[in-house]
Amino acid sequence: MNIVHLQLSGEIGGISVLTKEIAKISEHNNIFYFVFERGCISDEIAKDNTVHIQNGRHFDFIGEAVKFTEFCKKHNADVMISHSGAPIVRFLCTFAKKALGKKVKFILYWHSNGYDFFYKKNKIKNIIQKYIEKTAFKTADSAVAISCTVRDSFADLCGFDKNKITVIYNGIDLDKFSFSPRKEHDVFNIIYVGRLFPKKGVHLLIKAMSFLSDAYKVHLDIVGSSVSPRGNITDENSDEYGKRLKELVEKYRLENKISLCGAQTNVEEWLAKSSLFVHPAILQEGFGITLAEAMACGVPCLAFDKGAMREIIENGKNGFIAEDATAECLAQYIKKLYEIWDGDFGKYMKMCAAARETAVKFSIEETKNQLESLYN
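Predicted model only: the values in this text are computed from it and were never measured. (Residues numbered from 1 in each chain as written. Predicted model: local features only at pLDDT ≥ 70, side-chain atom pairs only at ≥ 80, totals over all residues. Heavy atoms only, no water.)

Looking at the overall build of the protein
Stage number 1. What the protein contains, in helices and strands, is 13 helices and 13 strands.
Stage number 2. Expected size for 376 residues packed as a compact globule is a radius of gyration near 21 Å; at 21 Å, the protein falls within 12% of this value.
Stage number 3. With the principal axes as the frame, the protein shows a C-alpha extent of 65 × 40 × 40 Å.
Stage number 4. Here the protein holds 376 residues, and 54% of them are scored as buried.
Stage number 5. A total accessible area of about 17,100 Å² is found for the protein, and carbon and sulfur atoms account for 48% of it.
Stage number 6. The protein carries 50 positive and 47 negative side-chain charges, and their two centres are separated by 5 Å. (Helix = DSSP H or I, 4+ residues; strand = E, 2+ residues; numbered from the N terminus. Rg over C-alpha atoms; globule rule 2.2 N^0.38 Å. Buried < 20%, exposed > 50% of the residue type's maximum accessible area, 1.4 Å probe, protein only. Areas by Shrake-Rupley, 256 points an atom, 1.4 Å probe, with all protein chains shown as cover. Lys, Arg positive; Asp, Glu negative; His and termini not counted. Charge placed at Lys NZ, Arg CZ, Asp CG, Glu CD.)

Considering the pattern of salt bridges
Stage number 1. This structure, assessed with the given rule, holds 17 salt bridges.
Stage number 2. With its nearest N and O atoms 3.0 Å apart, the salt bridge here joins Asp141 to Lys97. Linking Asp141 in the loop between α5 (123-139) and β6 (142-145) with Lys97 in helix α4 (residues 87-100), this pair joins segments that are 44 residues apart in sequence.
Stage number 3. By relative accessible area, Lys97 is classed as buried at 11%.
Stage number 4. Lys257 is the partner of Asp214 in a salt bridge, and the nearest nitrogen-oxygen pair spans 3.4 Å. Of the two residues, Asp214 is situated in the loop between α7 (202-210) and β9 (218-223) and Lys257 in the loop between α8 (238-251) and β10 (258-262); the sequence distance between them amounts to 43 residues.
Stage number 5. Each of Lys20, Glu21, Lys24 and Glu44 takes part in one network of salt bridges that share partners. (Salt bridge = Lys/Arg side-chain N within 4 Å of Asp/Glu carboxyl O.)

Written as structure tokens, this is what we have:
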């Protein structure tokens, strides 16, 4: 079967990486259509798959929809998947589905929480986007959400029937992120991995570190950047945020306890030497792929009670959920896990094993199998 994955950009990001990993193990012919620009991930995908970079026009919905429909005809598309929530991407698939009818299946994919999905500051844009989303849902053959939380958010905001939405968790390569039994170390190594922008809450994690006395032998690695591999700022406040984090480290005199490591390509190696993964996001995360990667390496996780975190973290078993989105609450749970690591290493190791056991549920093979079951 010919499967067309419709996305905005070929830059590095959760969607492009996920679809790349699915294509690696799929027996179908996976074709990638990027509406606006190429990037490092689309370049990598192009080595083994058909990739089309449209360099489209942002406001020419009809013109771009006609081009996409012709592309689907040319490549004998059996299935088209709308991965991005951008209105133009939804419109392209809706238009193509109505033009091609039963010749092609249309799968609507939600990769983010509905409460972070729609415009909040512009009421007119919000009305238009909701209308496009509702039309797409009505037109689609199937709808997929990356977590129960995401499914419920769209059901609540748009009145969609939950029973018509399939939950398919994002998957990871369990061989790449493998479990190595922990060794007792002199230092409790904490790690954060992800983009750096205000809603990721990394400033709260730095402040939390300031509440730990010198009696706690801890070190924090912050792995990530506010800048994409091609030099683009990923958020309008991201550049200033990166500077703010450095200033906070200096303010609290934590230069010896916190390392700002920048973006890294060998994340699995950083995770393998870590004792605790902290995800201090204050937004309603749709899933949290980095938590699954950390758990696959046997690293317990700590996060605020936001979005889908409770679908990944079993409180007290493979990590902890911090009830209040504050630095003080975060510090309390860091201390709690540190004391387990320092005082009862056997119990800590059970948490590591439980983390790995949880991650097995999020294999890329399982994601691929569930998605492909919707093709027929």
